Amino acid sequence: MLHYHTIPVTAFQQNCSLVWCDQQMEAAVIDPGGDLDRIEAEIARLGLQLKAIWLTHAHIDHAGGAGELAEQRGLPIIGPHPGDQFWIDGLPQQSQMFGFPPAQSFTPTRWLQDGDTVSIGQETLQVRHCPGHTPGHVVFHAPQITRCFVGDVLFAGSIGRTDFPQGNHQQLIDSITQRLWPMGDATVFIPGHGPESSFGRERQSNPYVGGT
């Protein structure tokens, strides 16, 4: 069975998630934006074997620790979509701009496209490309546990910002309504910031996409 554990990291309280297969205790970390010591402590506490880094997008609070962690552990970086290459290239500048520890740029081991899958242990998750917040944003859907790791596409009561370079509000709305909603109202999503919610709840009450 697939399990997950969320660890808020960085001054932005970004929801980094550990996901693992309980048969082999192999894990991936989604969006290690920083505070690697805290992430490592949770990996050790849970008795996990970290095998991969998965990225939803390349903003500093989500990807800031990815290069360092990959280097330290010899891990593959999987994702995001190639549309975020310019954000990856700009990670050193992003870290200075937002007062983060120095971040290194990197080349993902594997870029992700809409319809791809990623696997850890004996568990497989589905990848959907959901641009709008950034052009290369992806989400990781785990239908076997009715969960989706959505990064900064959707929040409880809000949606991702689209005022960053190459953000696009209509594209974001389309990603939510055309890519997320078909996963089902019962699907609980883990956002990049703040508490979990369900697609059904947001379809009803979210002021930006309610009633869609």
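Residues numbered from 1 in each chain as written. Predicted model: local features only at pLDDT ≥ 70, side-chain atom pairs only at ≥ 80, totals over all residues. Heavy atoms only, no water.

Topic: the overall build of the protein
And then number 1: Counting its regular elements, the protein contains seven helices and 13 strands.
And then number 2: Across its three principal axes, the protein shows a C-alpha extent of roughly 45 × 40 × 30 Å.
And then number 3: The proportion of buried residues among the 212 residues of the protein is 53%.
And then number 4: Partitioning the contacts of the protein with sequence separation of at least 6, the portion at a separation of at least 24 is 59%.
And then number 5: By element, 48% of the accessible surface of the protein is carried by carbon and sulfur atoms, the whole surface being about 8,600 Å².
And then number 6: Side chains of the protein carry 11 positive and 21 negative charges; the gap between the two charge centres is 5 Å. (Helix = DSSP H or I, 4+ residues; strand = E, 2+ residues; numbered from the N terminus. Buried < 20%, exposed > 50% of the residue type's maximum accessible area, 1.4 Å probe, protein only. Contact = heavy atoms within 4.5 Å. Areas by Shrake-Rupley, 256 points an atom, 1.4 Å probe, with all protein chains shown as cover. Lys, Arg positive; Asp, Glu negative; His and termini not counted. Charge placed at Lys NZ, Arg CZ, Asp CG, Glu CD.)

What about the pattern of salt bridges?
And then number 1: According to the stated counting rule, one finds seven salt bridges in the structure shown.
And then number 2: In this structure, the salt-bridge partner of R128 is D114, at a minimum N-O distance of 2.7 Å. Taken together, the residues R128 in strand β7 (residues 123-129) and D114 in the loop between α5 (91-97) and β6 (117-120) connect sequence positions 14 residues apart.
And then number 3: Each of D114, R128 and R179 takes part in salt bridges that share partners, so that together they form one network. (Salt bridge = Lys/Arg side-chain N within 4 Å of Asp/Glu carboxyl O.)

Here's the deal with the sheet that holds strand β13 (residues 197-198)
And then number 1: Across the sheet, which stays open at both edges, the six strands sit in the order β6-β7-β8-β9-β12-β13 with mixed pairing between neighbours. Strands at the two margins of the open sheet, each flanked by one partner only, are β6 and β13.
And then number 2: The sheet contact formed by strand β9 (residues 147-151) and strand β12 (residues 188-191) spans four bridges and is parallel. Counterpart to R147 in the pairing with β12 is V188. (Pairing = 2+ DSSP bridges.)

As for the sheet that holds strand β3 (residues 26-30)
And then number 1: Taken in spatial order, the five strands of this open sheet run β1-β2-β3-β4-β5, and their pairing is mixed. Across the chains shown, the open sheet's two edge strands, defined by having one partner strand only, are β1 (2-9) and β5 (77-78).
And then number 2: Across two bridges, strand β4 (residues 49-54) lies against β5 in parallel orientation. Counted as the bridge partner of I53 is I77 from β5.
And then number 3: In this fold helix α3 (residues 66-73) packs onto β3, β4 and β5, with an angle of close to 145° to the strand it touches most, β4. (Axes fitted to C-alpha atoms, helices over the stretch in contact; angles between N-to-C directions.)

Details of the environment of I78
And then number 1: For I78, the position within the fold is in strand β5.
And then number 2: When its relative accessible area of 12% is taken as the criterion, I78 is described as buried.
And then number 3: Residues I78 and L112, spaced 34 residues apart in sequence, show a C-alpha to C-alpha distance of 7.1 Å.
And then number 4: Beyond its immediate sequence surroundings of up to four residues, I78 is in contact with A52, I53, W54, L55, R110, L112 and V118.

Here's the deal with the nonpolar core
And then number 1: Core analysis: the largest hydrophobic core is formed by 28 residues, its most contacted members being L18, V29, I39 and I53.
And then number 2: Mapped by element, the contributors of at least two residues to this core are β1, β2 (14-21), β3, α1 (36-46), β4, α2 (60-63), α3 and α4 (85-89).
And then number 3: Contact partners of I53, with chain neighbours within four places excluded, come to V29, P32, A66, L69, A70, L75, P76, I77 and I78.
And then number 4: Of all hydrophobic cores here, the second largest spans 18 residues; its members include A52, I78, V138 and I190. (Core = buried A, V, L, I, M, F, W, Y, C linked by side-chain atoms within 4.5 Å.)

Spatial relationships are all this shows, so hold off on functional conclusions.
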